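Summary of the model geometry
What follows is the residue order along each chain.
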Amino acid sequence: MDIPQQLIEILAKAKSVAILTGAGVSAESGIATFRDPDGLWSRFNPAELASASGFMSNPELVWQWYNYRRNIIYSAKPNPGHHAIAEMEDLYHDFTLITQNVDGLHQTAGSKKVYELHGSIIQNHCFDCNKPYDEEIDVSSKKLATCNSCGGKIRPSVVWFGEMLPEKTLRESERAAGNSDVFFSMGTSGEVFPAAGLPAMAKANNAITVDINPTPTQLSKAADYYLPYTTGEILPTLLDRLKPIISNQ
Ligand code: BV8
Ligand code: ZN
C-alpha cells in the first residue's frame, strides 16, 4: 500500500486533526453500507424508511427495518479501522472525530470525543413528545414500542432525511473542520449534506484534505491526497509509519 511520505510528515507536524467517517468504516465489521452495490439502499427505499413521513405512513415497517439493523449492529465488533482511529486520537492535542454512522462502534473501539452527526440507532425517543425512551428494545418484536408518558410511537434517535442535524454537534463539527491542519474523510460517498460539505469547509480554511475510500468519489477528486484502500487495511499501516516519527519529536 502506497502512503506518500510527504503525507506522513505533514501528519507528524499537524497540531489539529479532524476525521469525518461514513458507513464504509463499519463495512469491515459486517455492517452493510447504504450506497454500495449490495448496500441498504439497493434493497430498501431511503425516503420510505429513513424519513419522518415514511415512519408516519408505515411505522411498523420502519420500526422493523431499524430492528433488523440493530440486530446486526448489536453483534458487530469494531474493526482495525475503528481501533486505528481511536489510537490516532491519542497522538494529537486537538483531535475531532465526526461520524455519520449511528452504530456506536467508534465509542466501542475507544474513541472518546465522537460527534454523531446523524444520531444513534442505539437510543430511542418518542415521536410525539420527544421524551427519551430508555426501556430495553426487543429487536425481534414486530410491535412498535409506545411512549410510557404520552402513549406516542417510539422511534430510533437517528437523523432522518429532511430532519435538522443536532445543532451543537453540527456547529462543533464545522468549527473543527475550519480549524484543522489535516481533515480526513473516510468511508463516505460524500452524498449526504450538510455532513458532506465538511471537507470543503476544511479545505477553504487551508487544511490538507485526505480521502480514504476503495472507490473514488467527488471527495476523492477534491482531496489533496486520495488513498484508494479500505480503512481496515490502510489505517493500521498509516499509524505504524506515523507513530515512530511523532514519538521522536
Ligand atoms: C438536513 C438516517 C435540513 C440514519 C441518514 C444541502 C444542505 C442540507 C441538506 C440537504 C442539502 N441537499 C440535500 C439535502 C437534503 C438531505 C440530503 O443530503 N440528501 C442527499 C441524499 C442529496 N439532507 C438531509 O435531509 C439532512 N437534513 O439537512 O436538514 C434540511 C432539510 C431539508 C432540506 C434542506 C435542509 C439529514 C441527513 C441525514 C439523513 N440520514 N440516515 C440511518 O438510518 O442510518 S443518511 C445515510 O447516509 C446515513 O446516515 C449515512 O451515514 C449517510 C451517508 O452515507 P455514507 O456514510 O457516506 O455511506 P454510503 O453507503 O453512501 O457510502 C459508503 C462509502 O464507503 C462508499 O463510497 C464506499 O465506496 C465506501 N466503502 C465501502 N467499504 C469501505 C469503504 N470505505 C472504506 N473502507 C471500506 N471497507
Ligand atoms: Zn411521548
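Residues numbered from 1 in each chain as written. Chains lettered and ligands numbered in written order. Predicted model: local features only at pLDDT ≥ 70, side-chain atom pairs only at ≥ 80, totals over all residues. Heavy atoms only, no water.

1. Some words on the overall build of the protein
Spelled out, the test is: Secondary structure is summarised from DSSP: a helix means a run of H or I of at least four residues, a strand means a run of E of at least two, and numbering begins at the N terminus for each. Classification of residues uses two cut-offs on accessible area relative to the type maximum, computed with a 1.4 Å probe and protein chains only: under 20% is buried, over 50% is exposed, and between them is partly exposed. By the convention used here, residues are in contact when the closest approach between their heavy atoms is within 4.5 Å. Values of accessible area rely on a 1.4 Å probe in the Shrake-Rupley scheme; residue burial ignores everything except the protein chains shown.
Scanning the protein from N- to C-terminus turns up 12 helices and eight strands. Expressed as a percentage of its 249 residues, the buried residues of the protein come to 52%. Residue pairs at least 24 apart in sequence account for 68% of intrachain contacts in the protein once pairs closer than 6 positions are excluded. A total accessible area of about 11,500 Å² is found for the protein, and carbon and sulfur atoms account for 53% of it.

2. A few points about the coordination of the zinc ion (ligand 2)
Worth spelling out the cut-off: Only nitrogen, oxygen and sulfur atoms qualify as donors, provided they sit within 2.8 Å of the metal or within 3.2 Å for Na, K and Ca; with water excluded from the atoms, sites may seem incomplete. When four donors show all angles between 85 and 135 degrees the site is tetrahedral, when four or six donors have opposite pairs over 155 degrees and all other angles between 65 and 115 it is square planar or octahedral respectively, and in every other case it is irregular.
Coordination sphere of the zinc ion (ligand 2), protein contribution only: Cys126 (SG), Cys129 (SG), Cys147 (SG) and Cys150 (SG), at 2.2 to 2.4 Å. Relative to the metal, the four donor atoms surrounding the zinc ion (ligand 2) lie at angles of 100 to 118 degrees, and the coordination shape comes out tetrahedral. On the basis of relative accessible area, Cys150 is assigned to the partly exposed category, the value being 41%.

3. Details of the site of ligand 1
Cut-off, in case you're wondering: Throughout, near means a residue has at least one heavy atom within 4 Å of the molecule or strand. Whenever two N or O atoms come within 3.5 Å, that pair is a polar contact, provided that in protein one can donate a hydrogen and the other can accept it, and provided that, for residues adjacent in sequence, both atoms are side-chain atoms. Put simply, Ala, Val, Leu, Ile, Met, Phe, Trp, Tyr, Cys and Pro go in the nonpolar bin, Asp, Glu, Lys and Arg in the charged bin, and everything else, Gly too, in the polar bin. In this entry, domain limits derive from an automatic or database-based domain assignment.
Neighbouring residues of ligand 1: 35 residues in total, closest Phe34, Arg35, Tyr66, Glu163 and Ser189. Contact distances for ligand 1 include 3.4 Å between a nitrogen atom and a backbone N or O atom of Gly24. Residue Gly162 places a main-chain N or O atom 2.7 Å away from an oxygen atom belonging to ligand 1. Elements supplying a minimum of two residues to the shell around ligand 1: helix H2 (24-27) and helix H6 (59-74). Taken together, the residues of the shell around ligand 1 break down into 15 nonpolar, 14 polar and six charged. Formed jointly, the shell around ligand 1 draws a minimum of three residues from each of two domains, domain 1 (1-31 + 78-118 + 165-249) and domain 2 (36-75 + 123-158).

4. Thoughts on the pattern of salt bridges
Counted only if it meets this: Salt-bridge detection follows one rule: a side-chain nitrogen of Lys or Arg within 4 Å of a carboxyl oxygen of Asp or Glu.
This structure, assessed with the given rule, holds seven salt bridges. As a salt-bridge pair, Lys243 and Glu87 come within 2.5 Å of each other at their nearest N and O atoms. Of this pair, Lys243 sits in helix H12 (residues 231-247) while Glu87 sits in helix H7 (residues 80-89), placing them 156 residues apart in sequence. Under the relative-accessibility criterion, Lys243 is labelled partly exposed at 31%. Given the relative accessible area of 36%, Glu87 is considered partly exposed.

5. Let's talk about the nonpolar core
Selection criterion: Only buried Ala, Val, Leu, Ile, Met, Phe, Trp, Tyr and Cys residues count toward a nonpolar core, and they belong to the same one when joined by side-chain atoms within 4.5 Å.
Tyr92 and Phe184 are the most contacted members of the largest nonpolar core, which has 30 residues in total. Contributing elements (two or more residues each) for this core: helix H1 (5-13), strand S1 (16-21), H7, strand S2 (94-99), strand S6 (182-186), strand S7 (208-212), strand S8 (225-227) and H12. Among the elements that line this core, the one with the most residues is H12, at six residues. Ignoring sequence-local partners within four residues, the contact set of Phe184 consists of Leu11, Val17, Ala18, Ile19, Leu20, Met88, Val210, Ile212 and Leu238. Within the second largest apolar cluster, 25 residues are counted, among which are Ala50, Trp63, Val102 and Leu144.

6. Considerations on the sheet that holds S8
Which entries qualify depends on this criterion: Here, a strand pair is defined by DSSP locating no fewer than two bridges between the strands. In this analysis an axis means a line fitted to C-alpha atoms, helices contributing only their contacting stretch, and an angle means the value between N-to-C directions, from 0 to 180 degrees.
With respect to topology, six strands assemble into an open sheet ordered S3-S2-S1-S6-S7-S8, the strand pairing being parallel. Of all strands in the sheet, those with a lone pairing partner are strand S3 (114-116) and S8, marking the two edges. Taking the axes of each pair of neighbouring strands and ignoring which way they run, one obtains an average angle of 15 degrees across the sheet. In this structure, S6 lies alongside S7, joined through five bridges in parallel fashion. When the bridges of S7 are listed, Phe183 appears paired with Thr209.

7. A short note on the packing of aromatic side chains
We count it as follows: Put simply, two rings from Phe, Tyr or Trp (the six-membered ring, in Trp's case) pair if the centres are within 6.5 Å, and we call them stacked under 30 degrees between planes, edge-to-face over 60, tilted for the rest. For a ring to carry a charge above it, either NZ of a lysine or CZ of an arginine must fall within 6 Å of the ring centroid while also lying within 35 degrees of the normal to the ring plane.
Enumeration over the complete set of coordinates arrives at six aromatic pairs. Look at Phe55 and Trp160: their rings are 5.4 Å apart centre to centre, the planes differ by 35 degrees, and that puts the pair in the tilted class. Here Phe55, found in helix H5 (residues 52-57), pairs with Trp160, found in the loop between strand S5 (154-158) and helix H9 (167-179); they are 105 residues apart in sequence, far enough to count as distant. Note on accessibility: Phe55 and Trp160 belong to one class, buried. Cluster of aromatic residues (ring-pair linked, three or more members): Phe44, Phe55, Trp65, Tyr66, Tyr68, Phe127 and Trp160. The positively charged end of Arg70 is found above the aromatic ring belonging to Trp63, 5.0 Å away from the centroid. When the ring centre of Trp160 is taken as origin, the NZ or CZ atom of Arg155, which lies over that ring, is 3.8 Å away.

8. Section: the domain arrangement of the protein
Worth spelling out the cut-off: The quantity reported as buried area is the accessible area (1.4 Å probe) lost by two parts once they are put together, taken as the sum for both.
Segmenting the protein into domains produces domain 1 (1-31 + 78-118 + 165-249) and domain 2 (36-75 + 123-158). Relative to domain 2, the C-alpha centre of domain 1 lies at a distance of 28 Å. Both faces combined, the contact of domain 1 with domain 2 buries some 410 Å², and carbon together with sulfur accounts for 70% of it. Seen at the junction of domain 1 and domain 2, the total is zero salt bridges. If you look at where domain 1 meets domain 2, you find zero residue pairs in polar contact (both at pLDDT 80 or more).

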